[in-house]
Amino acid sequence: MDPSAAPEPFAPAQLGPITLRNRILKAATFEGMTFDHVVSDRLIEFHRTMAAGGVALTTVAYCAVSPEGCGTPNEIILSREAVPGLQRLADAVHAEGAKVSAQLGHAGAVAAGAGYQGLSPSAMFSPLAMRRTRAVTADDIDRITRDFADAARIVVDGGFDAIEIHLGHGYLPSEFLSPKINKRTDEWGGPLENRARFPRAIVEAVREAVAASGAEVAVLAKVNMDDGVPGGFWLDESVPFVKLLEADGHLDAVELTGGSSLQNPMYLFRGEAPVREMARSMPKFVRPAFKVLGKRFLPSYPFEEAYFLPYARQFREAVDLPLVLLGGITKRETIDQAMAEGFEFVAMGRGLLREPDLVNKLAAGATSESLCVHCNKCMPTIYRGTHCVLVPEDQRA
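Calculation rules
Residues numbered from 1 in each chain as written. Predicted model: local features only at pLDDT ≥ 70, side-chain atom pairs only at ≥ 80, totals over all residues. Heavy atoms only, no water. Salt bridge = Lys/Arg side-chain N within 4 Å of Asp/Glu carboxyl O. Buried < 20%, exposed > 50% of the residue type's maximum accessible area, 1.4 Å probe, protein only. Pairing = 2+ DSSP bridges. Helix = DSSP H or I, 4+ residues; strand = E, 2+ residues; numbered from the N terminus. Axes fitted to C-alpha atoms, helices over the stretch in contact; angles between N-to-C directions. Contact = heavy atoms within 4.5 Å. Polar contact = N/O pair within 3.5 Å; in protein donor to acceptor, adjacent residues only side chain to side chain. Phe/Tyr/Trp six-rings, centres within 6.5 Å; stacked < 30°, edge-to-face > 60°. Lys NZ or Arg CZ within 6 Å of the ring centre and 35° of its normal. 1 Å grid on protein atoms, 1.4 Å probe; cavity = no way out; pocket = protein on both sides within 12 Å on 5 of 7 lines; lining within 4 Å. Points joined across faces, edges and corners; volume = space filled by probe spheres on them. Nonpolar A, V, L, I, M, F, W, Y, C, P; charged D, E, K, R; others polar. Expected span 1.5 Å × (residues − 1).

Things to note about the pattern of salt bridges
For the structure shown, the criterion picks out 22 salt bridges. Note that aspartate 357 is salt-bridged to lysine 361, the shortest N-O span being 3.6 Å. The class of lysine 361 is partly exposed, set by a relative accessible area of 25%.

Re the sheet that holds strand 14 (residues 345-348)
Taken in spatial order, the 8 strands of this closed barrel run 3-4-5-10-11-12-13-14, and their pairing is parallel. Direction aside, the axes of adjacent strands within the sheet are offset by 30° on average. Relative to the sheet, helix 3 (residues 138-157) contacts strand 5 (99-105) and strand 10 (162-166), its axis offset from that of strand 5 by approximately 160°.

Focus on the pairing of strand 11 (residues 218-226)
Counting buried positions along strand 11 yields 9 of 9 residues, so the element is predominantly enclosed. Of the strand pairs in this sheet, strand 10 and strand 11 are connected by 5 bridges, and their pairing is parallel. Of the residues in strand 11, the one forming a bridge with isoleucine 163 is valine 219. As paired elements, strand 11 and strand 12 (residues 253-258) share 6 bridges and run parallel to each other.

Some remarks on the environment of arginine 276
By secondary structure assignment, the location of arginine 276 is in helix 9 (residues 275-280). The spacing of arginine 276 and lysine 331 is 55 residues in sequence and 29 Å in space, taken between C-alpha atoms.

What about unusual backbone geometry?
In terms of backbone geometry, most residues other than glycine have negative phi values and most peptide bonds are trans. In the Ramachandran plot, tyrosine 62 falls in the positive-phi region, its phi being about 35° despite a non-glycine side chain. Structurally, tyrosine 62 can be placed in strand 4 (residues 57-64). Given a relative accessible area of 4%, tyrosine 62 falls into the buried group. In this model, alanine 306 sits at a positive phi of 50°, which is unusual for a non-glycine residue. Take alanine 306: it is sitting in the loop between helix 10 (287-297) and helix 11 (309-318). Taking the relative accessible area as the measure of exposure, alanine 306 reaches 8% and is therefore buried.

A short note on the side chain of threonine 59
Looking at the secondary structure, you find threonine 59 in strand 4. Among the polar contacts listed, one links the side chain of threonine 59 to the backbone oxygen of lysine 26, at a separation of 2.9 Å. Residues in contact with threonine 59, not counting those within four places in the same chain, are Lys26, Ala27, Ala28, Glu31, His47, Ser101, Gln103 and Glu164.

Things to note about the side chain of arginine 207
Tracing the sequence through the fold places arginine 207 in helix 6 (residues 197-213). Given the relative accessible area of 18%, arginine 207 is considered buried. For arginine 207, the residues in contact, after removing those within four places along its chain, are Val217, Val219, His250, Leu251 and Asp252.

What about the packing of aromatic side chains?
Across all of its chains, the model carries 9 aromatic pairs by this definition. Ring plane angle 80° and centroid distance 6.5 Å describe the contact between tryptophan 188 and phenylalanine 198, whose orientation is recorded as edge-to-face. Of this pair, tryptophan 188 sits in the loop between helix 4 (172-177) and helix 5 (192-195) while phenylalanine 198 sits in helix 6, and the two are 10 residues apart along the sequence. Its relative accessible area of 11% is what places tryptophan 188 among the buried residues. Consider the rings of tyrosine 267 and tyrosine 301, whose centres lie 5.5 Å apart with planes at 85°: the pair is edge-to-face. One end of the pair, tyrosine 267, is in helix 8 (residues 266-269); the other, tyrosine 301, is in the loop between helix 10 and helix 11, with 34 residues separating them in the sequence. Overall, tyrosine 267 belongs to the buried group, its relative accessible area being 11%. Aromatic ring contacts, followed pair by pair, group Tyr267, Tyr301, Phe303, Tyr307 and Phe308 into a single cluster. A cation over an aromatic ring shows up here: arginine 23 above the ring of phenylalanine 345, its NZ or CZ 5.9 Å from the ring centre. Over the aromatic face of tyrosine 301 sits the side chain of arginine 270, whose NZ or CZ is 5.5 Å from the ring centroid.

Quick word on empty space enclosed by the protein
For the structure shown, the criterion picks out 3 cavities of 30 Å³ or more. When its volume is computed, the largest cavity comes out at roughly 100 Å³. Contributing to the lining of the largest cavity are 14 residues, with Arg350, Cys372, Cys375, Cys378 and Cys388 lying nearest its centre. For the lining of the largest cavity, the residue count by class is 9 nonpolar, 2 polar and 3 charged. A volume near 50 Å³ is recorded for the second largest cavity.

Some words on the environment of methionine 124
Relative to the elements of secondary structure, methionine 124 occurs in the loop between strand 6 (119-120) and strand 7 (125-126). With relative accessibility at 16%, the residue methionine 124 sits in the buried group. Between the alpha carbons of methionine 124 and leucine 323 there is a distance of 33 Å; along the sequence they are 199 residues apart. If we ignore the near neighbours within four places in the chain, the residues touching methionine 124 are Ala109, Arg131, Arg132, Thr133, Ile181 and Leu262.

Digging into helix 3
Over its 20 residues, helix 3 extends 29 Å from the first C-alpha to the last, a length consistent with the 28 Å expected when each residue adds 1.5 Å. Taken residue by residue, helix 3 has Asp140, Ile141, Ile144, Thr145, Asp147, Phe148, Ala149, Ala151, Ala152, Ile154, Val155 and Val156 as its buried positions. Phi turns positive, to about 80°, at glycine 159, one or two residues after helix 3.

Written out as structure tokens, the structure is:
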């Protein structure tokens, strides 16, 4: 793209059927504020604060499509009981001039660490639960696909403006895409076309549910460019996978990501690995082992501004589908660069935990860079309410 033709990041933009006030999204950062599996007042205030800070769209992170799909004990489960709370949250965000999205997911093998059976394409040992998961059956696939569609209907009834389907980070659809995890020899395993069959069916089911509702709701998918593990899903297959999604025609945008909650979480975050803090957040009997082995599960990667951009460029070259760039976006000049390189939106996470009003500051020219220091000490707070440890308690979102 000619840089002079790049869109203004703080001007209104279209995302499928909805109009956003700018091109900056609040990425899904798990909030850990829903201990009863429904929206809490604290969660509403968290997203209201993000909306008041200037983001165009704030994303409610990881909403499980069923109880067995929970990855932690404190997630929203998208049952009918969740609708009134979703409506209150949507109203609060809309009152601040922003839109709101819900991230739909099934944790797959990660659910074993939350006390559930844990499902995966092929039975595997879960280091999170110290036991084996159960291989998904064809009936499971049909049922879970319906669960995603039902969850989409609940989100629509909750008055949300967008749905983000989580196909990344080592959760169940991502596990099917992974040649390292998916060892099936049936129609759901083997070549990419087979491994992609289940994730594509989920996307189609969500789109059909939204279309049948008649509501103007955007549908996005979060897709791994790279699992961050040897033998995992990588560019040679993730680019063709996004091309399949584009050909299917069910998505309004794709958000590009990487890493695995199951195998390599720090590949997504970059920066310092908070091993000691994570150990302190865990049950006492787990802490000694995690202090010893934690560095293997949470390796440290140097932080670089826009660290996913080199990989994301491969997708921008290959597809016309609107793309959301995320990963270490902390500067105004990076946002401008993303627009100049043809990305329609950027998503920010940790920077907004540090400064919920960062977008307003950037738009006004009051700052050019986030105060986030990439210490990642926000990671261990997900079990008691996600926050930046540098923000005083009375000033947190």
